[in-house]
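Now for the letters of each chain:
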Amino acid sequence: MTGFKDHFSERAAAYAAHRPVYPRALVDFLSDVAPGRDLAWDCGCGSGQLSVLLADRFARVIATDASAEQISRATPHPKVSYRCAPAEASGLPPGTVDLAVAAQAAHWFDLAGYYAEVRRVARPGAALALVTYGLVEVEGDAASVVRDFFATVLGPYWPPERQYVDDGYQSLPFPFAEITAPALEIRAEWTLANFVGYVETVSAVRALEHSQGPAPLADFQRELADVWGPGGTARPVRWPLALRVGRV
């Protein structure tokens, strides 16, 4: 887990368009555990899926990502300042951050460097939250198609860091006094096009295509279309959230 492992820059536009939106309940919880609401630092922000929501609860949000392409696609917001910076060198002044959060990103970090940076920029009693979501869940006949694709077809192509996502970050080192987090999940109503657009942003899909070309993803899309329903049909989809939250 050292250095910047860039799995998403070449699909930054798709990432911005198709990654799911975090629930408001997550932002409410994070703002409640922070000692103040002046400044939140969203590290590994991608295209700002969580950053813009944090701006509803914090006076300022600094959102950083090591990918310049991701930053270029980030959702503008008057209270969010986007910066291209690695996790271990945010450029923030010391002792200023009320909340440090990394959503669907910490498993890519040099954690020792990131934690050192969190301690440097945190104000006394600041909160740190690592947020992740695992495999997407769908209902009905589509469920087995999705499970088989993610487990069997993509299985050999997941990067090793995926293990941390699969265990809800429980195996990540976390040297902070932990705060119990509520059970939360992302929910959406998606068409087949929405769902396939999301799948195309998954890190293992790029490796699969580099190895086998576009055919496996096309086969999955056809098989999924057979059970999804008529064109334009929206199905409920969900991602259970896992959090490691602590006091700095």
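What you see is a predicted model, and the numbers here were worked out from it, not measured in a lab. (Residues numbered from 1 in each chain as written. Predicted model: local features only at pLDDT ≥ 70, side-chain atom pairs only at ≥ 80, totals over all residues. Heavy atoms only, no water.)

Here the focus is the side chain of Arg244. With respect to the helices, strands and loops of the structure, Arg244 is situated in strand S9 (residues 235-247). Of note is the side chain of Arg244, whose polar atom sits 2.7 Å from the backbone oxygen of Tyr169. Of the polar contacts made by the side chain of Arg244, one reaches the backbone oxygen of Leu172; its length is 3.3 Å. The residues contacting Arg244, other than those within four sequence positions of it, are Leu128, Ala129, Leu130, Tyr169, Gln170, Leu172, Phe174 and Glu178. (Helix = DSSP H or I, 4+ residues; strand = E, 2+ residues; numbered from the N terminus. Polar contact = N/O pair within 3.5 Å; in protein donor to acceptor, adjacent residues only side chain to side chain. Contact = heavy atoms within 4.5 Å.)

This next bit is on the packing of aromatic side chains. Enumeration according to the criterion identifies 15 aromatic pairs in this entry. Taking 5.1 Å as the distance between ring centres and 80 degrees as the angle between the ring planes, the aromatic pair formed by Tyr115 and Phe176 counts as edge-to-face. With Tyr115 in helix H5 (residues 111-121) and Phe176 in the loop between helix H7 (162-166) and strand S7 (177-179), the pair connects residues that are 61 residues apart, well separated along the chain. What makes Tyr115 buried here is its relative accessible area of 4%. Take Phe176: its relative accessible area is 10%, and that puts it in the buried class. Ring centres of Tyr198 and Trp239 lie 5.4 Å apart, and the angle between their planes is 80 degrees; this geometry places the pair in the edge-to-face category. Note that Tyr198 is positioned in helix H8 (residues 192-199) and Trp239 in strand S9, a separation of 41 residues in sequence. (Phe/Tyr/Trp six-rings, centres within 6.5 Å; stacked < 30°, edge-to-face > 60°. Buried < 20%, exposed > 50% of the residue type's maximum accessible area, 1.4 Å probe, protein only.)

Remark: helix H6 (residues 142-153) packs on helix H10 (residues 215-228), axes separated minimally by 9 Å, with the N-to-C direction vectors making an angle of 165 degrees. Here H6 lies roughly antiparallel to H10, going by the angle between them. The chirality of how H6 crosses H10 is right-handed. Note on element contacts: H10 touches H6 through Pro216, Leu217, Phe220, Glu223, Leu224, Val227 and Trp228, opposite Ala142, Val145, Val146, Phe149 and Val153. Looking at the contact of H6 with H10, its residues break down into 11 nonpolar, no polar and one charged. (Axes fitted to C-alpha atoms, helices over the stretch in contact; angles between N-to-C directions. Parallel < 35°, antiparallel > 145°, perpendicular 65-115°, else oblique. Left-handed = near helix turned anticlockwise from the far one by under 90°. Nonpolar A, V, L, I, M, F, W, Y, C, P; charged D, E, K, R; others polar.)

In this structure, Gln104 is a non-glycine residue whose phi angle is positive, near 55 degrees. In this structure, Gln104 sits in the loop between strand S4 (97-103) and H5. Unusually for a residue other than glycine, Tyr169 sits at a positive phi of about 70 degrees.

Right, let's talk about helix H2 (residues 24-33) for a bit. Every buried residue of H2 is listed here: Leu26, Val27, Phe29, Leu30, Ser31 and Val33. Buried-residue contacts for H2 involve helix H3 (51-54), S4, strand S5 (122-133), S7 and S9.

The α-helix advances 3.6 residues per turn, and as a result positions three or four apart in sequence lie on the same side. Counted at 1.5 Å a residue, the expected span for H6 with its 12 residues is 16 Å, and the 16 Å between its end C-alpha atoms agrees. Elements that come into contact with the buried residues of H6 comprise strand S6 (137-138), H8, helix H9 (203-212), H10 and S9. (Expected span 1.5 Å × (residues − 1).)

Turning our attention to the pattern of salt bridges. Applying the stated criterion across every chain yields a total of 13 salt bridges. Two residues, Arg24 and Asp56, come together in a salt bridge whose shortest N-O distance is 2.1 Å. With a gap of 32 residues between them, Arg24 in helix H2 and Asp56 in the loop between H3 and strand S2 (60-65) connect regions that are remote in the sequence. Of the residues examined, Arg24 reaches a relative accessible area of 47% and is grouped as partly exposed. Among the salt bridges present, the one from Asp166 reaches Arg162, with a minimum N-O distance of 3.2 Å. Placement of both Asp166 and Arg162 in helix H7 is noted, with a separation of four residues, approximately one turn of the helix. For Asp166, a relative accessible area of 54% puts it in the exposed group. What emerges from the salt-bridge pattern is a single network uniting Glu137, Glu185, Arg187 and Arg238. (Salt bridge = Lys/Arg side-chain N within 4 Å of Asp/Glu carboxyl O.)

Right, let's get into the nonpolar core. Within the largest apolar cluster, 61 residues are counted, with the highest numbers of intra-cluster contacts made by Tyr22, Leu54 and Phe195. The element best represented in this core is H6, accounting for six residues. Aside from chain neighbours lying at most four places away, what touches Leu54 is Val27, Leu30, Ala40, Asp42, Val61, Leu99 and Val101. Among the nonpolar cores identified, the runner-up in size contains 25 residues, and Leu39, Tyr115, Val118 and Tyr164 belong to it. (Core = buried A, V, L, I, M, F, W, Y, C linked by side-chain atoms within 4.5 Å.)

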